[in-house]
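Chains, contacts and geometry: an overview
So you can see what is in the structure, the chains are spelled out below.
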Amino acid sequence: MARAVTPRRKTINTLAAWAIGLLIFFPILWTILTSFKTEAQAINDPPLFLFFDWTIENYAVVQERSDYMRYLWNSVIIAGGSTVIGLLIGIPAAWSMAFVPSKRTKDILLWMLSTKMLPAVGVLYPIYLLFIELGLLDTRVGLTLVLMLINLPIIIWMLYTYFKEIPGEILEAARMDGATLKEEILYILTPMAIPGIASTLLLNIILAWNEAFWTLNLTAAKAAPLTAFIASYSSPEGLFYAKLSAASTMAIAPILILGWFSQKQLVRGLTFGAVK
């Protein structure tokens, strides 16, 4: 039986959740507030929180200096493309490991997870030379493939976990009814795993969107995403905190909107539909 929760306990839990949420969100909030300050106000001591002269000059300067829409479009293509390709590879791979395991399935899963422990700088040089030979340096295609391969272990692991929770008897019944492998994955497995696929998709879009190491080392101008857009405001003359904050706010705004929309609409709606 479920344990009863007192109103006092509910209030304490709610306040604790809000406090933790605000603590996590505070750096983002501070960046947004700093973007509306002048450079002098941004480095003021003591720091100014709300009571300062608000200005949008930093956003105008950033927009004049950089082609924001080009960086944004590159981020959308690279993050979205790497996630979609990863799902196309990850769904069949996770299906085979979950429902047709072999003696080495666990070893393969652990090996894939171990690749995330390898420092990225350890493989930068060979990948850089390979990209030069293949003509993929500073291209959307090259960066999309690299980010897909980096996040593929996470995609397979997450989907494998969700697929393991689906009863195998359902798939066996579909096979007895004459369903082919393609139909089994598309019409039986995928609809039942939509909440898990949606969660995996959202997480990997965020990971690809925030990736900085590979985007800064494998791009120069043509395929540079928003992470390179932010890094361009770090100069030898020093950091211009207000303008850097404005560029950061413009870079994180799309992913914040996506996260809010996914939480309020996508994930909740898909979960409700799956339960229903």
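Provided above is the structure to which this section pertains.
Not measured: the values here are computed from a predicted model.

**What to know about the overall build of the protein**
Looking only at helices and strands, the protein has 13 helices and two strands in total. C-alpha atoms of the protein, sized along the principal axes, occupy 70 × 65 × 30 Å. Taken over 276 residues, the protein has a buried fraction of 34%. Sequence-distant contacts, at least 24 apart, represent 75% of the contacts inside the protein between residues at least 6 apart. Accessible area for the protein stands at about 17,100 Å²; split by element, carbon and sulfur atoms hold 69% of it. The protein carries 20 positive and 17 negative side-chain charges, and their two centres are separated by 10 Å.

**Observations regarding the nonpolar core**
Ranked by size, the top nonpolar core spans 29 residues in total, and within it Val62, Trp214, Leu218, Leu226 and Phe229 carry the most contacts. Elements represented by at least two residues in this core include exactly helix H3 (57-65), helix H4 (68-99), helix H6 (121-134), helix H7 (140-164), helix H10 (194-210), helix H11 (213-218), helix H12 (226-231) and helix H13 (241-275). If one sorts the elements of this core by residue count, H13 sits on top with six residues. In this structure, Trp214 is in contact with Ala120, Val123, Leu124, Ile127, Leu143, Val146, Leu147, Ile150 and Thr219, ignoring residues within four places of it in sequence. Among the nonpolar cores identified, the runner-up in size contains 23 residues, and Leu152, Ile155, Tyr160 and Ala193 belong to it.

**Quick notes on the side chain of Ser248**
Looking at the element boundaries, Ser248 is found in helix H13. Owing to a relative accessible area of 16%, Ser248 belongs among the buried residues under this scheme. With residues near it in sequence (within four places) discarded, Ser248 still touches Thr31 and Ile230.

**Topic: H4**
Between its terminal C-alpha atoms H4 stretches 45 Å, which fits the 46 Å expected from 32 residues at 1.5 Å a residue. If you look at H4, its biggest bend is around 25°, right at Gly90, and the proline Pro92 turns up within four residues after that.

**A few points about the packing of aromatic side chains**
Here the structure, examined in full by the defined rule, presents ten aromatic pairs. For the pair Phe36 and Tyr59, a centre-to-centre distance of 5.3 Å together with 45° between the ring planes defines the contact as tilted. Linking Phe36 in the loop between helix H1 (7-34) and helix H2 (39-42) with Tyr59 in helix H3, this pair joins segments that are 23 residues apart in sequence. A ring pair is formed by Tyr71 and Phe229, whose centres lie 5.2 Å apart and whose planes are at 45°; its orientation type is tilted.

**Here we look at the packing of H4 against H10**
Interaxial distance between H4 and H10 falls to 9 Å at its minimum, and their mutual angle equals 140°. The orientation of H4 with respect to H10, classified from their angle, is oblique. In the crossing of H4 with H10, the sense of the turn from one axis to the other is right-handed. Of H10, the residues touching H4 (which contributes Leu72, Ser75, Val76, Ala79, Ser82, Thr83, Leu87 and Ile91) are Ile197, Thr200, Leu201, Asn204, Ile205, Ala208 and Trp209. Split into classes, the residues belonging to the contact of H4 with H10 amount to ten nonpolar, five polar and no charged.

The rules behind these values
Residues numbered from 1 in each chain as written. Predicted model: local features only at pLDDT ≥ 70, side-chain atom pairs only at ≥ 80, totals over all residues. Heavy atoms only, no water. Helix = DSSP H or I, 4+ residues; strand = E, 2+ residues; numbered from the N terminus. Buried < 20%, exposed > 50% of the residue type's maximum accessible area, 1.4 Å probe, protein only. Contact = heavy atoms within 4.5 Å. Areas by Shrake-Rupley, 256 points an atom, 1.4 Å probe, with all protein chains shown as cover. Lys, Arg positive; Asp, Glu negative; His and termini not counted. Charge placed at Lys NZ, Arg CZ, Asp CG, Glu CD. Core = buried A, V, L, I, M, F, W, Y, C linked by side-chain atoms within 4.5 Å. Expected span 1.5 Å × (residues − 1). Bend = angle between axes of the 7 residues up to and from the residue. Phe/Tyr/Trp six-rings, centres within 6.5 Å; stacked < 30°, edge-to-face > 60°. Axes fitted to C-alpha atoms, helices over the stretch in contact; angles between N-to-C directions. Parallel < 35°, antiparallel > 145°, perpendicular 65-115°, else oblique. Left-handed = near helix turned anticlockwise from the far one by under 90°. Nonpolar A, V, L, I, M, F, W, Y, C, P; charged D, E, K, R; others polar.

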